[in-house]
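Coordinate inspection notes
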Amino acid sequence: MTTIKFSATKTDQAHFSGDLAILFVYQNKNDKPVYLKEGKSFLESLHKLGDFAGKEGELCIFYPEQVDDFKGYVAKRICFIGCGKAEGKNKLTDSLEKYRKIGGQIAKTAKQYKAQKIAVFFKSFEKTSIDDFAQALTEGISLGDYTFTKYKKTSTKDDEFKGITTVKYFAQDNSNKIRKGMQAGGITAIAARDARDMANEPGNKWTPAEFADYARTIAKESGLKCTVFDKKKLQSMKMGGILSVNGGSVVAPKLIILEHEPAKYDQTIMLVGKGLTFDSGGISLKPAAGMQDMKYDMCGGAAVLGAMKAIAAEKPAVRVVGLVPSTDNMISGSATKPGDVITHYGGITSEVINTDAEGRLILADALAYGNKQYKPDCIVDLATLTGAVIICLGHHNTGLVSNNDKLSELLIEAGARTGEPMWRLPLSKDYSKQIESTVADIKNIGGREGGTITAAAYLQKFVDDTPWAHLDIAGTAWNFTEKSYVPKGPSGIGVRTLIDFVKNWKKTKL
Ligand code: BES
Ligand code: ZN
Ligand code: ZN
């Protein structure tokens, strides 16, 4: 897979000589195709035949030299893509998702025809502003083109499709706006693809050390500040949560911090991601079936690093700090045992009833430290934290638990714009009661009932009154809703939501 080069041009689309050109076709109120001057009689005959009406998701591939309407076009293939009805009630969020999905379809079609050089003949009848449209389409193409073949060394055939190389947007009008959207979409898509790459790496190749090295690389390339706390430093800072989860491991833990600090800023957003590089459950061992998926238990951390890379490129006027506590959760003679009592950063003690409820232990230290050190105006954490969220919301919504209504609203809006929906669950003292311990300040599980919320109630103890939202991405970080631009495996969830949230941040009193 190569990085796709996107560009916008005002030159004549007929001169595009690449592998595949895309032409959007809309439907009018009577479900008939809206004819453009290009291909009018051809479309008419296709419609009469009943083969193509411009319905959303419909495709028709043809060869321009065989179609009179396209005399003079030199593209190897042209593809009509149905966009359905354009004008009218389409909500912005719906139409952005439509163009991401169409982008995904373009990528799938390119793969089918091994088409590397693509063009889109841009014409929109949507109310969606053309830069948003271009961003969504760019994201869809780039995310739909994603594959991970790094470890397929012997079976890679020479003739295998290596991915799209160039996408040219042809547009006589608005090419500057298109370029702006295209650039924004390029940044968000690369960030999400990076997060997918990190998640696809197996647990033996992506340890806390690789996580930290990658953060350093991002920092070097983008000008972010990077700090990594190693095991010794974590010990001296008394980060008992991270250290206890790491107790059974032969691989050292890390706390990774990336900072985007503008020369002038008023407010600080803090992002925290669970970077558990493999979760065996520890002494409270998980069943063998499906345990391999627990290499994905670092998707929250990957989302934070991906988002930080994009934030470095976008340079918003707000300070953004990303923290990723990282370790694996292993089983050995030195592993934490059920019943052990640990002390978190800042002094709160916790009785570890179940060593498989480890995500909250590492997040607690990072939240408490970050909150004290950076005094953020808001905190957003992302974690593959509970199986319970999958029982609750399936694979179609991220679970959101928060102590602040306005922050929840802003995140839900960002999720809707980016096609990463969230659903808020309640939080109250009653849930905190479930994690009261008889021997320590709190215990790390609260029973089966409301498992996602009691996990959040644990985290809440470490943020004081700072506006905070917890995103449980256990159901959406992989096996997310099937879409043309979301492959099987890790989805990169959260990356685009975070970027959108930060870009739309206005000085706010939450
Ligand atoms: N990483 C898991 C949560 C998870 C489960 C993510 C399935 C994705 C798919 C987490 O560390 C965990 O094991 N949670 C336990 C908590 C329980 C012991 C209270 C769970 O959900 O079973
Ligand atoms: Zn676990
Ligand atoms: Zn876990």
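Look above for the structure.
Residues numbered from 1 in each chain as written. Chains lettered and ligands numbered in written order. Predicted model: local features only at pLDDT ≥ 70, side-chain atom pairs only at ≥ 80, totals over all residues. Heavy atoms only, no water.

**Some remarks on the packing of aromatic side chains**
Heads up, the rule is: Here is the rule: rings of Phe, Tyr and Trp (six-membered ring for Trp) pair when centre to centre is within 6.5 Å. Planes less than 30 degrees apart are stacked, more than 60 are edge-to-face, and the remainder are tilted. Helix and strand labels come from DSSP, where a helix needs a run of H or I of at least four residues and a strand needs a run of E of at least two; each type is numbered from the N terminus. Only protein chains enter the accessibility calculation, which uses a 1.4 Å probe; a residue whose area is less than 20% of its type maximum is buried, one above 50% is exposed, and one in between is partly exposed.
On inspection of all chains with the given rule, the structure shows 25 aromatic pairs. Aromatic side chains Phe122 and Tyr169 sit 5.2 Å apart centroid to centroid with 70° between the ring planes, which places their arrangement in the edge-to-face category. You can see Phe122 sitting in the loop between strand E5 (117-121) and helix H3 (130-144) and its partner Tyr169 sitting in strand E6 (residues 166-170), a full 47 residues away along the chain. Exposure class is identical for Phe122 and Tyr169. Each is buried.

**Structural notes on the coordination of the zinc ion (ligand 3)**
We apply this condition: Note that water is not among the atoms used; donors are N, O and S atoms within 2.8 Å of the metal (3.2 Å for Na, K and Ca), so sites may look incomplete. Irregular is the label for any site that misses the other tests, which are tetrahedral for four donors with all angles between 85 and 135 degrees, and square planar for four donors or octahedral for six when opposite donors exceed 155 degrees and the remaining angles lie between 65 and 115.
Ligation of the zinc ion (ligand 3) by protein atoms is provided by Lys274 (NZ), Asp279 (OD), Asp297 (OD) and Glu358 (OE), these donors lying 2.0 to 2.4 Å from the ion. Bound by six donor atoms, the zinc ion (ligand 3) shows angles of 77 to 174° at the metal and therefore octahedral coordination geometry. We note that the donor set of the zinc ion (ligand 3) lies within a single chain, spaced as K-x4-D-x17-D-x60-E. Separating the zinc ion (ligand 3) from the zinc ion (ligand 2) is a gap of 3.2 Å, bridged by Asp279, which donates to each. Pair noted here: Asp297 is in the loop between strand E10 (275-279) and helix H8 (299-314) and Glu358 is in the loop between strand E13 (349-351) and helix H9 (359-374), with a separation of 61 residues, a long-range link. Here the two residues Asp297 and Glu358 agree in accessibility, since each one is buried.

**Considering the packing of helix H4 (residues 175-200) against helix H14 (residues 495-503)**
Put simply, the rule is: Throughout, an axis means a line fitted to C-alpha atoms (over the contacting stretch in the case of helices), and angles, computed between N-to-C directions, take values from 0 to 180 degrees. Roughly parallel covers angles under 35 degrees, roughly antiparallel covers those over 145, roughly perpendicular covers 65 to 115, and oblique covers all other angles. Less than a right angle of anticlockwise turn of the near helix away from the far helix marks a crossing as left-handed, whereas a clockwise turn marks it as right-handed. Residues count as neighbours in contact if any of their non-hydrogen atoms are within 4.5 Å of one another.
Two numbers describe how H4 lies on H14: the axes approach to 9 Å, and their chain directions differ by 140°. Classed by the angle they form, the pair H4 and H14 counts as oblique. As H4 runs across H14, the sense of the crossing is right-handed. Along its contact with H4, which presents Ala184, Thr188, Ala191, Ala192 and Ala195, the element H14 presents Val495, Arg496, Ile499 and Lys503.

**A closer look at the coordination of the zinc ion (ligand 2)**
Taken together, the protein donors to the zinc ion (ligand 2) comprise Asp279 (OD), Asp356 (O), Asp356 (OD) and Glu358 (OE), at separations of 2.0 to 2.2 Å. Coordination geometry of the zinc ion (ligand 2): the six donor atoms subtend angles of 69 to 165° at the metal centre, consistent with an arrangement described as irregular. Going along the chain, you hit the donors of the zinc ion (ligand 2) in the pattern D-x76-D-x1-E. With relative accessibility at 3%, the residue Asp279 sits in the buried group. Overall, Glu358 belongs to the buried group, its relative accessible area being 1%.

**Quick look at the site of ligand 1**
Keep this limit in mind: Distances are taken per atom, and a residue is near a molecule or strand as soon as one of its heavy atoms is within 4 Å of it. In protein, a polar contact requires one atom able to donate a hydrogen and another able to accept it; more generally it is a pair of N or O atoms within 3.5 Å, and residues adjacent in sequence count only if both atoms are side-chain atoms. Here, Shrake-Rupley sampling with a 1.4 Å probe gives the accessible areas, and only protein chains in the shown set may cover a residue. Residues are said to line a cavity or pocket when one of their atoms sits within 4 Å of a point; the points come from a 1 Å grid over protein atoms alone, cavities being sets where a 1.4 Å probe fits but cannot get out and pockets being open sets with protein on both sides within 12 Å along at least five of seven lines. What decides whether a molecule sits in a cavity or pocket is whether more than half of its atoms lie within 2 Å of the grid points. Under the grouping applied here, Gly and all other residues not named as nonpolar or charged are polar, the nonpolar ones being Ala, Val, Leu, Ile, Met, Phe, Trp, Tyr, Cys and Pro and the charged ones Asp, Glu, Lys and Arg.
Taken together, 17 residues lie near ligand 1, and Asp279, Lys286, Asp356, Glu358 and Gly387 sit nearest. One of the side-chain nitrogen or oxygen atoms of Asp279 is found 2.9 Å away from an oxygen atom of ligand 1. In this structure, an oxygen atom belonging to ligand 1 sits 2.8 Å away from a side-chain N or O atom of Asp356. With the chains in place, 78% of the 520 Å² that ligand 1 exposes on its own is no longer accessible. Most atoms of ligand 1, that is more than half of them, are within 2 Å of grid points of the largest pocket. Residues that form the shell around ligand 1 fall into these classes: six nonpolar, four polar and seven charged.

**Focus on the environment of Lys108**
Looking at the element boundaries, Lys108 is found in helix H2 (residues 92-112). Take Lys108: its relative accessible area is 41%, and that puts it in the partly exposed class. The spacing of Lys108 and Ser484 is 376 residues in sequence and 7.6 Å in space, taken between C-alpha atoms. Among all residues touching Lys108, those that are not within four sequence positions of it are Gly144 and Ser484. Within the local environment of Lys108, its side chain forms a polar contact with the backbone oxygen of Ser484, the two atoms lying 3.0 Å apart.

**Let's talk about the packing of H9 against helix H13 (residues 451-460)**
It is at 9 Å that the axes of H9 and H13 come closest, and there the two elements cross at 30°. Taken together, the axes of H9 and H13 are roughly parallel relative to one another. The element H9 and its partner H13 pack so that their crossing is right-handed. The segment H9 lies against H13, with Arg360, Leu361, Leu363, Ala364 and Leu367 engaging Ala455, Tyr458 and Leu459. Of the residues belonging to the contact of H9 with H13, the class tally is seven nonpolar, no polar and one charged.

**Things to note about unusual backbone geometry**
The phi dihedral of Asp31 is positive, around 65°, even though this residue is not glycine. Relative to the helices and strands, Asp31 is located in the loop between strand E2 (20-27) and helix H1 (40-49). For Lys238, which is not glycine, the phi torsion reads 60° and is therefore positive.

**Some thoughts on a nonpolar patch on the surface**
This is how it is decided: Patch membership needs two things, relative accessible area over 30% and no salt bridge, and members are linked within 9 Å if like-charged or within 5 Å if nonpolar (Val, Leu, Ile, Met, Phe, Trp, Tyr). Between Lys or Arg on one side and Asp or Glu on the other, a salt bridge is scored when a side-chain nitrogen of the former is within 4 Å of a carboxyl oxygen of the latter.
There is a patch of nonpolar side chains on the surface, built from Ile283, Leu285 and Ile331 and spanning about 250 Å² of accessible area. Judged by relative accessible area, Ile331 falls into the partly exposed class, the value being 42%.

**Notes on the sheet that holds E13**
Selection rule: Here, a strand pair is defined by DSSP locating no fewer than two bridges between the strands.
Across the sheet, which stays open at both edges, the three strands sit in the order E12-E13-E17 with mixed pairing between neighbours. Unpaired on one side and paired on the other, strand E12 (341-343) and strand E17 (442-443) mark the two borders of the sheet. Here E12 runs beside E13; their pairing, made up of three bridges, is antiparallel. Counted as the bridge partner of Thr343 is Thr349 from E13.

**A word on the sheet that holds strand E4 (residues 78-85)**
Taken in spatial order, the six strands of this open sheet run E1-E6-E5-E2-E4-E3, and their pairing is mixed. The sheet terminates laterally at strand E1 (5-9) and strand E3 (59-62), the two strands that pair on one side only. In this sheet, neighbouring strand axes are inclined to one another by 20° on average, regardless of whether the strands run parallel or antiparallel. With seven bridges connecting them, E2 and E4 associate as parallel partners. Across the sheet, residue Tyr26 finds its bridge partner in E4, namely Gly84. Of the strands in this sheet, E2, E3, E4 and E5 are in contact with H2, which crosses E4 at around 160°. Seen against the sheet, H3 touches E1, E2, E5 and E6 and runs at an angle of roughly 155° to E6.

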